[in-house]
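A closer look at the structure
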Amino acid sequence: MNNLVVVGCQWGDEGKGKLVDYLGEKADIIVRFQGGNNAGHTIVIGEKTFKLSLLPSGILRDDKLSIIGNGVVLDPWALKKEIDLLEKMGITISKNKLMIAENVSLILPFHKELDHLRENLAGAKKIGTTGRGIGPAYEDKVGRRSVRLSDLNNPILLRARLERSLTHHNVLMKGYNKPEYSISQIEDKLKEITSFISKFSISVWQELNDKKNKNKTILFEGAQGSLLDVDFGTYPYVTSSNTLAPAASIGSGVSAKRVDTVIGIVKAYTTRVGEGPFPTELVNDKVGEHLAAVGHEKGTVTGRERRCGWFDAALVKQTCILNGVDGIAITKLDVLDGLKELKICIGYKMNNKSYNFLPTGADLEKDIEPIYEIFEGWHECTVGVSSLEKLPKNAIYYIKSIEKYVGRPAYIVSTSPNRNDIIEIKNPFER
Ligand code: IMP
């Protein structure tokens, strides 16, 4: 069977949690390869709603191996909290079920503090981060001053790593008029967590490339969305990792040759949390309010209201190209039920020039005017519909139009938050 990478093709919150859970049933190993506990995946199983932030969705199934790859930045205290909560809900998590790359970089308390300090100081120019310390932790990784998971069991190395990291961070703390951190303060805090977290630590690249796993099916679970990619997103209003599909390889140690299929998840409309350009946003608009209310558009991680707008096919086409998407999965189609008219953005106008992609540069993006194609809505309820033919004809036409404008076929359509409410047009695991 094919190995899959599943990525969001908008600004995150596309409903990846449900899709990864659904597809994960057919995979043996589920791997997180970037981001951290800034992600939020909601999975509804029967009466229970699980909110995952750091753990791969595979963790909810006992027969799967879940892996956190080196491309993630890991907050060990957040991980413990998430595991404790899941265990209270009846999910068991052992070292045979969860493995964490020993070379993963850790998020430490000063990363979170720095994230907050910077955002507060930036005022109107803030990024609108999740406040989880993601940016500062990735900066330390490329700045070669991270503490990594494997360092925790080597006190001498850990001290050296912390010395290097705090030499940098205490200068910043001083500049912000904040108390400096001492090495022993962080060492003591880490000691509380070391034995708990170290049992999951392993050489993930070796595990994934081991002969015994050669014929296992791997699902790589993307976090955030393609438009939050640090290189190709709406910079600087992005996250600090590469969220695009090629990051699956470098963020886990699996050869790019083993990635067979890329699935791009798209919501049937668009949402975004945090600051930054959003050409099709519906501000102070009845339809925008409908999408927010019916779609329960509130962030899983921070509880912030999500900004809502029309489906932007120009942007999704762009991210499908960047990701090498084979097929898309359209989520939350049911949220559009009852809307009289629907719009899809197929390009932009700016300064009397037309574009079929989003030009680089936040200032340009602000002045951009979407070009819309208008569609008739449907009044029927699509919640729980499980085959394409049973959808209203206008909904089918809407799906076909998305396919046409983004240039990729729809493999899956999701019609409610529940695990089983899925229309599978093509099985992505089959070639
Ligand atoms: P950070 O990743 O916390 O640094 O936040 C940077 C930007 O990415 C902000 O606009 C966040 O709202 C956004 N962001 C980060 N993670 C997610 C996510 O999982 N879903 C949607 N937006 C996210």
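Residues numbered from 1 in each chain as written. Predicted model: local features only at pLDDT ≥ 70, side-chain atom pairs only at ≥ 80, totals over all residues. Heavy atoms only, no water.

If you tally the helices and strands in the protein, you get 12 helices and 20 strands. Scaling as 2.2 N^0.38, a compact globule of 431 residues should have a C-alpha radius of gyration of about 22 Å, and the protein matches this with 22 Å. For the protein, the C-alpha atoms occupy an extent of roughly 65 × 50 × 40 Å along the three principal directions. Taken over 431 residues, the protein has a buried fraction of 58%. When contacts within the protein are restricted to residue pairs at least 6 apart in sequence, those whose partners lie at least 24 apart make up 76%. Carbon and sulfur atoms make up 51% of the accessible area of the protein, which totals about 18700 Å². (Helix = DSSP H or I, 4+ residues; strand = E, 2+ residues; numbered from the N terminus. Rg over C-alpha atoms; globule rule 2.2 N^0.38 Å. Buried < 20%, exposed > 50% of the residue type's maximum accessible area, 1.4 Å probe, protein only. Contact = heavy atoms within 4.5 Å. Areas by Shrake-Rupley, 256 points an atom, 1.4 Å probe, with all protein chains shown as cover.)

On to the sheet that holds strand β1 (residues 4-8), then. Strand order in the open sheet made by the 10 strands is β9-β7-β5-β2-β10-β1-β11-β15-β19-β20, with mixed pairing throughout. Unpaired on one side and paired on the other, β9 (201-202) and β20 (422-424) mark the two borders of the sheet. Two elements, β1 and strand β11 (residues 261-267), share five bridges in a ladder whose sense is parallel. Directly across from L4, in β11, lies its bridge partner T261. Strands in contact with helix α12 (residues 393-406) are β15 (327-331) and β19 (410-414); relative to β15, the strand with the most contacts, it is inclined by about 140 degrees. (Pairing = 2+ DSSP bridges. Axes fitted to C-alpha atoms, helices over the stretch in contact; angles between N-to-C directions.)

With that settled, consider helix α3 (residues 109-122). Counted at 1.5 Å a residue, the expected span for α3 with its 14 residues is 20 Å, and the 20 Å between its end C-alpha atoms agrees. Listed in full, the buried residues belonging to α3 are P109, F110, H111, L114, D115, L117 and E119. Of the surrounding elements, those touching the buried residues of α3 are α2 (76-88), β8 (105-106), α4 (134-142), α5 (155-175) and α6 (183-198). Just downstream of α3, G123 is the residue with a positive phi angle, here 55 degrees. (Expected span 1.5 Å × (residues − 1).)

Right, let's get into the layout of surface pockets. The computed volume of the second largest pocket comes to approximately 490 Å³. What lines the second largest pocket is a set of 24 residues, and nearest its centre among them are N37, S53, A78, K81 and E82. Counting residues per element, the ones that place at least two in the lining of the second largest pocket are β4 (48-52), α2 and α3. The greatest single-element share of the lining of the second largest pocket, amounting to six residues, is contributed by α2. Looking at the lining of the second largest pocket, its residues break down into 12 nonpolar, five polar and seven charged. (1 Å grid on protein atoms, 1.4 Å probe; cavity = no way out; pocket = protein on both sides within 12 Å on 5 of 7 lines; lining within 4 Å. Points joined across faces, edges and corners; volume = space filled by probe spheres on them. Nonpolar A, V, L, I, M, F, W, Y, C, P; charged D, E, K, R; others polar.)

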